[in-house]
Amino acid sequence: MVSGRVVIYGGRGALGAKCVAQLKAANFWVASVDLAENADADVSVTVKTSESFIQQESAIVSAIGNILKDEKLDGIFCVAGGWAGGNSSKDLAKSSELMWTQSVCSSVIASTLASKYLREGGVLQLTGAKAALEATPGMIGYGMAKAAVHHLTKSLAGKDSGLPSNSTVLAILPITLDTPMNRKWMPNADFSTWTPLEYVADLFVKWAKGDDRPTSGSLVQLVTKDSKTTLIPA
């Protein structure tokens, strides 16, 4: 008997893979959605980059529906995303399009999945960024995309958003996640201020079980200091 069923959107990335592993360890059935398969998940749905945004949504919604049949999901966790710098004089259109595709499009498709397959009382998690609560002049495309995810979170938590009754919608707003890639590009940083992937994955296990969830619509900042992480919902 499984503890529940969840989808990890972005299940092949550093954070996504950790979430798949932790939720599997907690006896959840886990589906991964990403550009590549995650062999540790119970099932993987591969996103085709050759397809348009609308085609991707249709294909992923259909695939998950065929897999679930009459089952419902306890949680959908969208940790897909990326980072790109750039101001108005440097690669603004390029970085904006990339960030929109990686952060907003994935969040929109996850939201559509939630409207169709999330059980009543389930949880949808999206990924914003603490930096996007303020101006981001050195990474405008990134800031715009993450601000859009914040807006989507608030909107989905409102009345008549199309989500199942009593569902919870939350966005995590990390500062820096402790990933191998971040360590590679920032080897001299203070890692004690970086949020461990294990912490985030364990948080999702709790939320999938219905434990310790902040109020729906919350933008949950993950603030790590001296290797201790604090949640600041807003």
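This text follows the structure it describes.
Worth saying up front: this structure is predicted, and the values here are computed from it rather than measured.

The rules behind the values
- Residues numbered from 1 in each chain as written.
- Predicted model: local features only at pLDDT ≥ 70, side-chain atom pairs only at ≥ 80, totals over all residues.
- Heavy atoms only, no water.
- Pairing = 2+ DSSP bridges.
- Helix = DSSP H or I, 4+ residues; strand = E, 2+ residues; numbered from the N terminus.
- Axes fitted to C-alpha atoms, helices over the stretch in contact; angles between N-to-C directions.
- Contact = heavy atoms within 4.5 Å.
- Buried < 20%, exposed > 50% of the residue type's maximum accessible area, 1.4 Å probe, protein only.
- Polar contact = N/O pair within 3.5 Å; in protein donor to acceptor, adjacent residues only side chain to side chain.
- Salt bridge = Lys/Arg side-chain N within 4 Å of Asp/Glu carboxyl O.

It is not clear to me how the sheet that holds strand β4 (residues 73-78) should be interpreted in this structure. Could you clarify?
Hydrogen bonds between backbone atoms are what pair the strands of a sheet, whose relative direction is either parallel or antiparallel. Reading across from one edge, β3-β2-β1-β4-β5-β6-β9-β10 is the order of the eight strands in this open sheet, with mixed pairing throughout. With one partner strand each, in any of the chains shown, β3 (43-46) and β10 (228-233) form the two edges of the open sheet. The average angle at which neighbouring strand axes cross in this sheet is 20°, direction not considered. When strand β2 (residues 28-34) meets β3, the two strands line up parallel, connected through four bridges. Counterpart to V33 in the pairing with β3 is V45.

In this structure, what is going on with the environment of I67? I would like to understand it.
Inspection of the secondary structure puts I67 in helix α2 (residues 53-68). Each C-alpha atom of the pair I67 and D91 lies 40 Å from the other, and the pair is 24 residues apart in sequence. Not counting chain neighbours up to four residues away, the residues in contact with I67 comprise W29, V43 and V45.

Looking at this model, I keep getting lost on the side chain of S107. Mind explaining?
Among the structural elements, S107 can be located in helix α3 (residues 92-117). Among the residues examined, S107 registers a relative accessible area of 1% and is labelled buried. One polar contact links the side chain of S107 to the main-chain carbonyl oxygen of S103, over a distance of 2.7 Å. If near-sequence neighbours (up to four positions away) are discounted, S107 is found in contact with C78, L126, V149 and L152.

Just to check I follow, could you spell out the pattern of salt bridges for this structure?
Pairs can form between side chains of opposite charge whenever their charged atoms are close. Tallied over the full model, the rule gives five salt bridges. Notably, a salt bridge pairs E198 with K18, separated by 3.4 Å at the nearest N-O pair. Note that E198 is positioned in helix α6 (residues 197-208) and K18 in helix α1 (residues 14-25), a separation of 180 residues in sequence. The partly exposed category is assigned to K18, whose relative accessible area is 25%. Taking the shortest distance from any N to any O, the salt bridge between D74 and R119 comes out at 2.6 Å. Here D74, found in strand β4, pairs with R119, found in strand β5 (residues 118-127); they are 45 residues apart in sequence, far enough to count as distant. Classification of R119 as partly exposed rests on a relative accessible area of 27%.

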